[in-house]
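The primary structure of each chain is shown beneath.
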Amino acid sequence: MLGRLGMSVDKAIRFYGNLTGDVFSHKQTGRDGKFQASRLEKVLKDIVKAETGQEDERMLGTALEGKGCKT
């Protein structure tokens, strides 16, 4: 989130808190930390779309124009 999406530390912390709340608050399989991969994928795509405008933005390769840091 910091490097590829160019978020500030505060913004990345806020998004990460939302991500963990959304993914782990839904029905889990047992109490061993398992979660629905489809839910994680949806939440991550929502974050990427909010930052780039495209939910399918590539996360590997060249840095986003004018964004990013050396992480």
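Residues numbered from 1 in each chain as written. Predicted model: local features only at pLDDT ≥ 70, side-chain atom pairs only at ≥ 80, totals over all residues. Heavy atoms only, no water.

J.: Any chance you could explain helix H2 (residues 37-52) here in plain terms?
T.: Because each turn of an α-helix spans 3.6 residues, side chains separated by three or four positions in sequence point in the same direction. With 16 residues, H2 extends 22 Å between its outermost C-alpha atoms, agreeing within 8% with the 22 Å of an ideal straight helix rising 1.5 Å per residue. Along H2, the residues classified as buried are Val43, Ile47, Val48 and Glu51. Down the axis of H2, the buried side of the element spans an arc of 135 degrees, and every buried residue falls inside it. Of the surrounding secondary structure, the elements contacted by the buried residues of H2 are helix H1 (9-25). Just downstream of H2 lies glycine 53, where phi reads positive at about 90 degrees. (Helix = DSSP H or I, 4+ residues; strand = E, 2+ residues; numbered from the N terminus. Expected span 1.5 Å × (residues − 1). Buried < 20%, exposed > 50% of the residue type's maximum accessible area, 1.4 Å probe, protein only. Arc of directions from axis to C-beta. Contact = heavy atoms within 4.5 Å.)

J.: Honestly, the pattern of salt bridges in this entry has me stumped. Any pointers?
T.: With the rule as written, the count across this model stands at four salt bridges. We note a salt bridge from lysine 45 to aspartate 56, for which the minimum N-O separation is 3.5 Å. Here the residue lysine 45 occupies a position in helix H2, and aspartate 56 occupies one in the segment after H2, the gap between them amounting to eleven residues. Since its relative accessible area comes to 54%, aspartate 56 is described here as exposed. A network of salt bridges, in which partner residues are shared, links Glu41, Lys45 and Asp56. (Salt bridge = Lys/Arg side-chain N within 4 Å of Asp/Glu carboxyl O.)

J.: Would you explain the packing of H1 against H2 in this entry?
T.: Describing two packed helices takes the angle between their axes plus the distance from one axis to the other. Where H1 meets H2, the closest approach of the two axes is 9 Å, and the angle between their N-to-C directions is 155 degrees. Here H1 is positioned roughly antiparallel relative to H2, judged by the angle of their axes. The hand of the H1/H2 crossing is right-handed. Residues Lys11, Phe15, Leu19, Asp22 and Val23 of H1 form the contact with H2, whose participating residues are Arg39, Leu40, Val43, Leu44, Ile47, Ala50 and Glu51. Within the contact of H1 with H2, the residues separate by chemical class into eight nonpolar, no polar and four charged. (Axes fitted to C-alpha atoms, helices over the stretch in contact; angles between N-to-C directions. Parallel < 35°, antiparallel > 145°, perpendicular 65-115°, else oblique. Left-handed = near helix turned anticlockwise from the far one by under 90°. Nonpolar A, V, L, I, M, F, W, Y, C, P; charged D, E, K, R; others polar.)

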